[in-house]
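# Descriptive structure summary
As a plain string of letters, each chain reads:
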Amino acid sequence: MAVLVLAEHSNAALNDVTAKTVAAAQAFGGDIDVLVAGHNAGAAAAEAAKLSGVRKVIHVEGADFANALAEAIEALVVPMMSSYDAFFAPATSIGKNVSPRIAAKLDVMQVSEITKVIDASTFERPIYAGNAIMTVKSSDAKKVVTVRGTAFKAVESSGSAPVETAAAPAGPFKAAFVSAEIAKSDRPELASAKRVVSGGRALASAEQFNQYILPLADKLGAGVGASRAAVDAGYAPNDYQVGQTGKVVAPELYVAIGISGAIQHLAGMKDSKIIVAINKDEEAPIFQIADYGLVGDLFKIVPELTSKL
Amino acid sequence: MKVLVPVKRVIDYNVRPRVKADQSGIDLANVKMAMNPFDEISIEEAVRMKEKGLATEIVIVSIGPAQAQETIRIGLAMGGDRGILVQTDAAVEPLAVAKILAKIVEAEQPGLVIAGKQAIDDDSNATGQMLAALLDWPQATFASAVAKDGETLKVTREVDGGLETLALQLPAVVTTDLRLNEPRFASLPNIMKAKKKPIDTKSPADYGVDITPRLSVVKVTEPKKREAGEKVADVDALIAKLKSAGAI
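All figures in this text were calculated on a predicted structure; none of them were measured in a lab.

Cut-offs and rules
Residues numbered from 1 in each chain as written. Chains lettered and ligands numbered in written order. Predicted model: local features only at pLDDT ≥ 70, side-chain atom pairs only at ≥ 80, totals over all residues. Heavy atoms only, no water. Salt bridge = Lys/Arg side-chain N within 4 Å of Asp/Glu carboxyl O. Helix = DSSP H or I, 4+ residues; strand = E, 2+ residues; numbered from the N terminus. Buried < 20%, exposed > 50% of the residue type's maximum accessible area, 1.4 Å probe, protein only. Pairing = 2+ DSSP bridges. Axes fitted to C-alpha atoms, helices over the stretch in contact; angles between N-to-C directions. Contact = heavy atoms within 4.5 Å. Phe/Tyr/Trp six-rings, centres within 6.5 Å; stacked < 30°, edge-to-face > 60°. Lys NZ or Arg CZ within 6 Å of the ring centre and 35° of its normal. Core = buried A, V, L, I, M, F, W, Y, C linked by side-chain atoms within 4.5 Å. Buried area = accessible area lost by both parts, 1.4 Å probe. Patch = residues over 30% accessible without salt bridge, like charges linked within 9 Å, V, L, I, M, F, W, Y side chains within 5 Å. Areas by Shrake-Rupley, 256 points an atom, 1.4 Å probe, with all protein chains shown as cover. Parallel < 35°, antiparallel > 145°, perpendicular 65-115°, else oblique. Left-handed = near helix turned anticlockwise from the far one by under 90°. Nonpolar A, V, L, I, M, F, W, Y, C, P; charged D, E, K, R; others polar.

### Description of the pattern of salt bridges
All names here are of chain A. The final tally for this structure, using the stated rule, is 35 salt bridges over all chains. The salt bridge partner of Glu 71 is Arg 101, with a shortest N-O separation of 3.6 Å. Here Arg 101 lies in helix H4 (residues 93–105) and Glu 71 lies in helix H3 (residues 70–80), a separation of 30 residues in the sequence. Judged by its relative accessible area of 6%, Glu 71 is buried. Judged by its relative accessible area of 2%, Arg 101 falls in the buried class.

### A few points about the sheet that holds strand S5 (residues 82–87) of chain B
The pairing of strands in a sheet happens through backbone hydrogen bonds and is either parallel or antiparallel. An order of S11(A)-S9(B)-S8(B)-S7(B)-S10(B)-S6(B)-S1(B)-S4(B)-S5(B)-S11(B) is seen for the 10 strands of this open sheet, with the pairing classed as mixed. This sheet does not close on itself; its edge strands, each paired only once, are strand S11 (175–182) of chain A together with strand S11 (199–202) of chain B. For this sheet the average axis-to-axis angle between neighbouring strands, irrespective of direction, equals 25°. The pairing of strand S1 (residues 2–7) of chain B with strand S4 (residues 57–64) of chain B spans 6 bridges and is classified as parallel. By the bridge assignment for S4 of chain B, Val 5 of chain B is matched with Ile 60 of chain B. Across the face of the sheet, helix H4 (residues 127–135) of chain B comes into contact with strand S6 (112–116), strand S7 (139–149) and strand S10 (172–176) of chain B while running at roughly 175° to S10 of chain B.

### Concerning the packing of aromatic side chains
Per the stated rule, a full pass over the model turns up 4 aromatic pairs over all chains. Between Phe 28 of chain A and Phe 123 of chain A, the ring centres sit 6.3 Å apart and the planes meet at 10°, which makes this aromatic pair stacked. With Phe 28 of chain A in helix H1 (residues 16–28) and Phe 123 of chain A in strand S7 (residues 122–127), the pair connects residues that are 95 residues apart, well separated along the chain. With a relative accessible area of 6%, Phe 28 of chain A lands in the buried category. Under the relative-accessibility criterion, Phe 123 of chain A is labelled buried at 0%. Counting every residue linked through ring pairs, the aromatic cluster contains Phe 28, Phe 88 and Phe 123 of chain A. Between the NZ or CZ atom of Lys 117 of chain B and the centre of the ring of Phe 142 of chain B, over which it lies, the distance is 5.7 Å. In this structure, Lys 231 of chain B is placed above the aromatic ring of Phe 287 of chain A, and the distance from its NZ or CZ to the ring centre is 4.7 Å.

### Describing unusual backbone geometry
Here Gly 171 of chain A and Pro 172 of chain A are connected by a cis peptide whose omega angle stands at -5°. Within the secondary structure, Pro 172 of chain A sits in the loop between strand S10 (163–166) and S11. Across the junction of Leu 170 of chain B and Pro 171 of chain B, the peptide omega takes the value 0°, indicating a cis bond. Unusually for a residue other than glycine, Asp 136 of chain B sits at a positive phi of about 60°. Residue placement: Asp 136 of chain B occurs in the loop between H4 and S7.

### Quick notes on the sheet that holds strand S1 (residues 2–6) of chain A
Residues and elements named next belong to chain A. Pairing within the open sheet is parallel, and its 7 strands lie in the order S5-S9-S4-S1-S2-S3-S10. Strand pairing shows two members of the sheet lacking a second neighbour, strand S5 (111–114) and S10, which therefore form its edges. The sheet shows a mean angle of 25° between the axes of neighbouring strands, taken without regard to direction. Sheet analysis places strand S4 (residues 86–90) next to strand S9 (residues 143–147), joined by 5 bridges and oriented parallel. Each residue of the ladder has a partner; that of Phe 88, found in S9, is Val 145.

### Notes on the nonpolar core
Counting 137 residues, the largest nonpolar core has Val 34 and Phe 88 of chain A as the members making the most contacts within it. Among the elements that take part in this core, helix H3 (residues 94–108) of chain B stands out by supplying 9 residues, more than any other. Dropping the residues within four chain positions of it, Phe 88 of chain A is found in contact with Val 3, Leu 4, Val 5, Leu 6, Thr 21, Ala 24, Ala 25, Phe 28, Ile 114, Phe 123, Val 145 and Val 147 of chain A.

### A word on the environment of Thr 165 of chain B
Following the sequence through the fold, Thr 165 of chain B ends up in strand S9 (residues 162–169). Considering only alpha carbons, one finds Thr 165 of chain B and Ala 143 of chain B, 22 residues apart in sequence, at a separation of 9.2 Å. Excluding residues that lie within four positions of it along the chain, Thr 165 of chain B makes contacts with Ala 176, Phe 177, Val 178 and Ser 179 of chain A together with Val 155 and Thr 156 of chain B.

### Remarks on the pairing of strand S6 (residues 116–119) of chain A
All names here are of chain A. With 3 bridges joining them, S6 and S7 adopt antiparallel strand pairing. Across the sheet, Asp 119 pairs through a bridge with Thr 122, a residue of S7. The antiparallel hairpin formed by S6 and S7 contains 2 residues in its connecting segment.

### Some remarks on the interface of chain B and chain A
Every contact between the two is made by 79 residues of chain B and, on the other side, 86 residues of chain A. Buried area between chain B and chain A, both sides added, is near 6,900 Å², and the carbon and sulfur share of it is 55%. On the chain B side of the contact with chain A, Arg 214, Leu 215 and Arg 226 of chain B bury the most area, a combined 11% of that side's loss. On inspection of chain B and its partner chain A, the count reaches 6 salt bridges. Here Asp 107 of chain A and Arg 214 of chain B are joined by a salt bridge, their closest N and O atoms 3.0 Å apart.

### Topic: the environment of Glu 45 of chain B
Note on placement: Glu 45 of chain B falls in helix H1 (residues 37–51). Non-local contacts of Glu 45 of chain B, meaning those with residues more than four positions away in its chain, are made with Ile 114, Val 146, Leu 180 and Asn 181 of chain B.

### Observations regarding a nonpolar patch on the surface
All names here are of chain B. On the surface, Leu 188, Ile 191 and Met 192 cluster together into a nonpolar patch covering about 290 Å² of accessible area. Topologically, Leu 188 is positioned in helix H5 (residues 188–194). Overall, Leu 188 belongs to the exposed group, its relative accessible area being 60%.

### Considering the packing of H3 of chain A against H4 of chain A
All names here are of chain A. Close contact between H3 and H4 brings their axes to 9 Å; oriented N to C, the two are set at 45°. Between H3 and H4, the crossing angle belongs to the class labelled oblique. Between H3 and H4 lies a crossing whose hand is right-handed. Between H3, through Ala 70, Glu 71, Ile 73, Glu 74, Val 77 and Val 78, and H4, the contact on the second element is made entirely by Asn 97, Val 98, Arg 101, Ile 102 and Lys 105. In terms of residue class, the contact of H3 with H4 is made up of 6 nonpolar, 1 polar and 4 charged.

None of this, on its own, says anything about what the molecule does.
Now the structure itself:
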């Protein structure tokens, strides 16, 4: 049996979620090859080669891979799948975008966002915003799976797999990259941060979100998140969104500030190790899952907490 | 340009789903159902395109039980022109939905399909991408802005870390994210008018698509419950707790 794992990377570096996806592939079993499709992505391929348990890295260079164009990755991966029994991709915006295309071309029903591998055809995945866990058995000959990174422990970087190169499929494709606005930040990336500070609607404005949430996050060395309500209201950008339709995080410490705790938000953070909730409404549902709750005015509590840490 | 919008009837956003005691699934008996929220955003976008003169006709498709007709009617009241109900009581997986939609696209020849990025029941986030692949069309998932520029469609996407803009050759598939627009409420006169708009009823067999599921449900269980912890009196007590737990 052999598994092809799609690496998530920035060309210059490998994203941590790749090591978690390899861990899920190991639980599935068989030989694991990691595909690094990028543009000037030699550094990412070299990092992938160090991941433990990897048979080989396949490094493919192409301008269309610089921004992970779905049509280009599909054209690359689908012919490769004749040599593999499964395709595993991280359930990131890239993996979610491209994997179903590959699945459809292979006439396979994708198993999305798995949180556990039971055996080579059976997986657990959350449904209904994590309000239920479904165990599904796939009858397809090949499996196409996206992996929720927070549910798997990253493999070590103690290996030394060979790196092969392969040719990029010929374009042009019917979609083309135009531009990107990626927020530059020195803060840890939300999805992999060890600590996360999130703000909700109670922050009441973008100015106050920045004024109260960011200093605490910086003091804790934390990534910054937000509830959907705060994003919808324009207090925080969408890529901060934690929840069913945003990012799923499971840090060591999650601090929820002015977040009431709608089920859609809890879906994105309830597997955090320690949850702290600060909210003026003592009946807020967030307190039902918080390890430590502090009832009161966030505009007084948060600055005090920031200064005393 | 004709625009096709697939919609799904799902459990209402505000209802807390209950797992059935026999672990066979979610109890949907007597539960409030509604249109998948992302599909409302898709219809709104199509209607805005029509209002700007970019779209000529909006066809709303649903694959599901007879009651999915109500979901299509809501879309018609929001501004859709006509509906197609592919009626089945079976659970239809995204792959089979995409195959049926591909057949409908062949028959209807739309220039654009706008679908929700995911359904809030099974959270698969797959149908739009699968449809694009089956048609060999380009795709732009998780859209937060859509603009037509001649024969190309410029779509801004919500990606990890920020935004990305793609240029798609039409025809294409777009899947919608939350910030694309704020869907309108159907007014009472429009709800009345929608009752007269046509809905064709078909079956999966009419399209020659085998909808046999590829994934069988072994069981559906409650997630692990997280116990509520304790309330602390003040910031000092919180810091003391976090220190003793090794969290800071």
